[in-house]
Amino acid sequence: MNKQTVHQLILDKLRIDLDIAERAAQTAYETATHEENIAENKYDTLGLEASYLAAGQARRVEEIRQALALCQNLTLRPYDDQRGIQVGTLIGLEDEDGRQQWLFLGPDAAGLKVSLVGQPITVITPRSPLGRGLLGKFEGDEVEIVVAGARQQFAVTEAI
């Protein structure tokens with residue numbers, strides 16, 4: 001696993017998502033402001049609904065812009081076995097059933113998924129229970145979290 005390649009994949013995915021969101025926001029804005037969508041009576045809500053959609057799309061664009069900026073400004077450092085897992089660490093985890101997964105602890109863009117040579121990698125942040133639990137952990141450590149009343153346990157198999 002190459003952390004720089006994963007980071008670049010994340011940046012590329014965010015750029016693609018931003019482009020898609022910007023086009024969707026522009027389309028929603030044009031629909032909301034088009035003269036044919038002016039309400040003719042109180043039951044004609046197409047223009048109002050389109051304006052709500054445009055506002056939501058604009059918020060999404062800003063969220064992606066912020067995530068992209070934070071990820072672009074992230075300085076990747078080699079894993080430090082004195083400090084443990086930090087933001088920017090690529091982490092291999094194994095659950096209680098032996099299932100393996102790869103995570104990238106990022107500053108933002110939680111839930112984003114990329115793939116490197118067929119291996120899925122999910123971005124998590126320190127704001128999530130698992131991300132918070134992983135901070136400062138070392139290879140070989142176990143992390144236990146409780147989500148919706150269910151206990152989950154993971155072993156850190158690799159940190160890059």
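Note that this is a predicted model, so its numbers are computed, not measured.

**Q** Give me the lowdown on the overall build of the protein chain, citing residues and values where you can.
**A** Scanning the protein chain from terminus to terminus reveals 3 helices and 6 strands. Put simply, the protein chain runs from its N terminus to its C terminus through helices and strands in the order α-α-β-β-β-β-α-β-β. In summary, the protein chain has a C-alpha radius of gyration of 20 Å against a globular reference of 15 Å for 160 residues, an excess of more than 25%. Taking the principal axes of its C-alpha atoms as reference, the protein chain extends roughly 65 × 35 × 25 Å. By residue count, 34% of the 160 residues in the protein chain fall in the buried class. For the protein chain, long-range pairs separated by at least 24 residues make up 56% of all intrachain contacts whose partners lie at least 6 apart in sequence. For the protein chain, the accessible area works out to roughly 9,600 Å², and carbon and sulfur atoms hold 50% of it. Taking the 16 positively charged and 24 negatively charged side chains of the protein chain as two groups, their mean positions are separated by 4 Å.

**Q** Run through the pattern of salt bridges, naming residues and quoting values.
**A** Applying the stated criterion across every chain, the model contains 11 salt bridges. Notably, a salt bridge pairs arginine 151 with glutamate 96, separated by 3.2 Å at the nearest N-O pair. With arginine 151 in strand 6 (residues 150-159) and glutamate 96 in the loop between strand 1 (90-95) and strand 2 (100-105), this residue pair connects regions lying 55 residues apart in the sequence. Between arginine 151 and glutamate 144 there is a salt bridge, with its nearest N and O atoms 3.5 Å apart. If you follow the salt bridges from partner to partner, you end up with Glu22, Glu62 and Arg65 in one network.

**Q** Tell me about the domain arrangement of the protein chain, and please be specific about residues and values.
**A** Domains assigned within the protein chain are domain 1 (1-71) and domain 2 (87-157). Distance between the C-alpha centres of domain 1 and domain 2: 28 Å. Every contact between the two is made by 15 residues of domain 1 and, on the other side, 16 residues of domain 2. Together, the buried faces of domain 1 and domain 2 total about 1,300 Å²; carbon and sulfur atoms form 86% of this surface. For domain 1, the biggest contributors to the area lost against domain 2 are Met1, Lys3 and Ile10; these three give 43% of the whole. Counting every contact that joins domain 1 to domain 2 gives 0 salt bridges.

**Q** Explain helix 1 (residues 3-33) to me, and be specific about the residues and the numbers.
**A** Relative to the 45 Å expected for 31 residues at 1.5 Å per residue, helix 1 spans 45 Å between its end C-alpha atoms, a close match to the ideal helical length. Within the span of helix 1, buried status applies to Lys3, Val6, His7, Ile10, Leu11, Leu14, Asp17, Leu18, Ala21, Ala25 and Ala28. Measuring from the backbone nitrogen of glutamine 4 back to the side-chain oxygen at the start of helix 1 gives 2.9 Å, which picks out asparagine 2 as the cap.

Rules used in this analysis
Residues numbered from 1 in each chain as written. Predicted model: local features only at pLDDT ≥ 70, side-chain atom pairs only at ≥ 80, totals over all residues. Heavy atoms only, no water. Helix = DSSP H or I, 4+ residues; strand = E, 2+ residues; numbered from the N terminus. Rg over C-alpha atoms; globule rule 2.2 N^0.38 Å. Buried < 20%, exposed > 50% of the residue type's maximum accessible area, 1.4 Å probe, protein only. Contact = heavy atoms within 4.5 Å. Areas by Shrake-Rupley, 256 points an atom, 1.4 Å probe, with all protein chains shown as cover. Lys, Arg positive; Asp, Glu negative; His and termini not counted. Charge placed at Lys NZ, Arg CZ, Asp CG, Glu CD. Salt bridge = Lys/Arg side-chain N within 4 Å of Asp/Glu carboxyl O. Domains from an automatic or database assignment. Buried area = accessible area lost by both parts, 1.4 Å probe. Expected span 1.5 Å × (residues − 1). Polar contact = N/O pair within 3.5 Å; in protein donor to acceptor, adjacent residues only side chain to side chain.

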